[in-house]
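A look at the structure
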Amino acid sequence: VIDGWPGRVERGIAEHFLREHGIPIRHYGIPKAKTFPTSRTGFVNAMNTGLLYASGSHVVFLHDFTSMPPDALIRWRACFERDQHSLIHGVGIFYEAPKPDTEDDIQSWKEPPVPLPREPWVPKEFEVGYWGGPMEYFELVNGFDERADFCADWCLASVKAQAKMLGWRLGIDQSLVCHCIDHRNWESRPAADAPIEELVPRSTPAPRP
């Protein structure tokens, strides 16, 4: 687990909670120092930090406000056994929920809301939101180009270009379902009780977690 929320790693409460519930964590820590300190985000840096600590033959990336169903790892394993030399992306269901109202290390809301299912998320070709592949691939490309933390689309473009250059397949498997609370633009959204049509116009591109 790579956790960049200020102070949460040092407090240790979240890690203890996960271990107490039987999650076999290899590492729980902050992202490594950025290669480019002035970069706008830390998305790619965090994924590279995860790769540094990963120990298995395959890697699956999961990001903020996203959860997997109980049988997800069994499904991922089956996909990896079927598709050699492939990078695989799952699909998702997006949910509407209000902005978190607490900074507790375990709970995001004082009273957990009931997220409202809103729309499916099925990438047209590939994405980098809920995906994975053999560690062999990430070693071949030496992780991710961290210049991508200056521009969100750079990471996806780089992954697609490198995979195709090396002859790796980019695939989408709809048996790999995740559940995502859409947290984009929480700061600029209308009131939480506004109609969904006002929050997300139907012309909005397919969302990314």
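Quick note: structure is the one above.
Notes on the structure in this doc start here. (Residues numbered from 1 in each chain as written. Predicted model: local features only at pLDDT ≥ 70, side-chain atom pairs only at ≥ 80, totals over all residues. Heavy atoms only, no water.)

**A look at the pairing of strand β6 (residues 169-181)**
Successive residues of a regular strand alternate their side chains across the two faces of the sheet. Taken together, the 2 bridges between strand β2 (residues 66-67) and β6 define a ladder with antiparallel strand orientation. Bridging from a neighbouring strand, Ser67 pairs with His179 of β6. As defined by bridge partners, strand β3 (residues 86-96) adjoins β6 across 9 bridges and the pair is classed as parallel. The residue of β6 that forms the bridge with Val91 is Val177. (Pairing = 2+ DSSP bridges. Helix = DSSP H or I, 4+ residues; strand = E, 2+ residues; numbered from the N terminus.)

**With respect to helix α3 (residues 43-53)**
When we look at burial in α3, the residues that qualify are Val44, Asn45, Met47, Asn48, Thr49 and Leu51. Taken together, the buried residues of α3 touch β1 (58-61), β5 (131-134), α5 (135-140) and α6 (152-166). (Buried < 20%, exposed > 50% of the residue type's maximum accessible area, 1.4 Å probe, protein only. Contact = heavy atoms within 4.5 Å.)

**Examining α6**
With 15 residues, α6 extends 23 Å from end C-alpha to end C-alpha; this agrees with the ideal 21 Å at 1.5 Å per step. Of all the residues in α6, the buried ones are Cys155, Leu156, Ser158, Val159 and Ala163. With its buried residues spanning 160 degrees around the axis, α6 presents them on a single face. In α6, those exposed residues whose orientation departs by more than 90 degrees from the buried face are Lys164 and Met165. Taken together, the buried residues of α6 touch α3, β3, β5, α5 and β6. (Expected span 1.5 Å × (residues − 1). Arc of directions from axis to C-beta.)

**Quick notes on a nonpolar patch on the surface**
A cluster of nonpolar side chains, contributed by Ile13, Phe17 and Ile106, occupies part of the molecular surface with about 240 Å² of accessible area. Inspection of the secondary structure puts Ile106 in the loop between β3 and β4 (116-121). With relative accessibility at 36%, the residue Ile106 sits in the partly exposed group. (Patch = residues over 30% accessible without salt bridge, like charges linked within 9 Å, V, L, I, M, F, W, Y side chains within 5 Å. Areas by Shrake-Rupley, 256 points an atom, 1.4 Å probe, with all protein chains shown as cover. Salt bridge = Lys/Arg side-chain N within 4 Å of Asp/Glu carboxyl O.)

**Some words on the pattern of salt bridges**
The tally for this structure, following the rule as stated, stands at 15 salt bridges. Here Glu81 makes a salt bridge to Arg77, at a shortest N to O gap of 3.2 Å. Residue Glu81 and its partner Arg77 are located together in helix α4 (residues 72-82), separated by 4 residues, close to a single helical turn. A salt bridge links Glu125 to Lys160; its shortest N-O distance comes to 3.1 Å. Pair noted here: Glu125 is in the loop between β4 and β5 and Lys160 is in helix α6, with a separation of 35 residues, a long-range link. The class for Glu125 is partly exposed, based on a relative accessible area of 37%. Each of Glu96, Arg118, Glu119, Asp182 and Arg184 takes part in one network of salt bridges that share partners.

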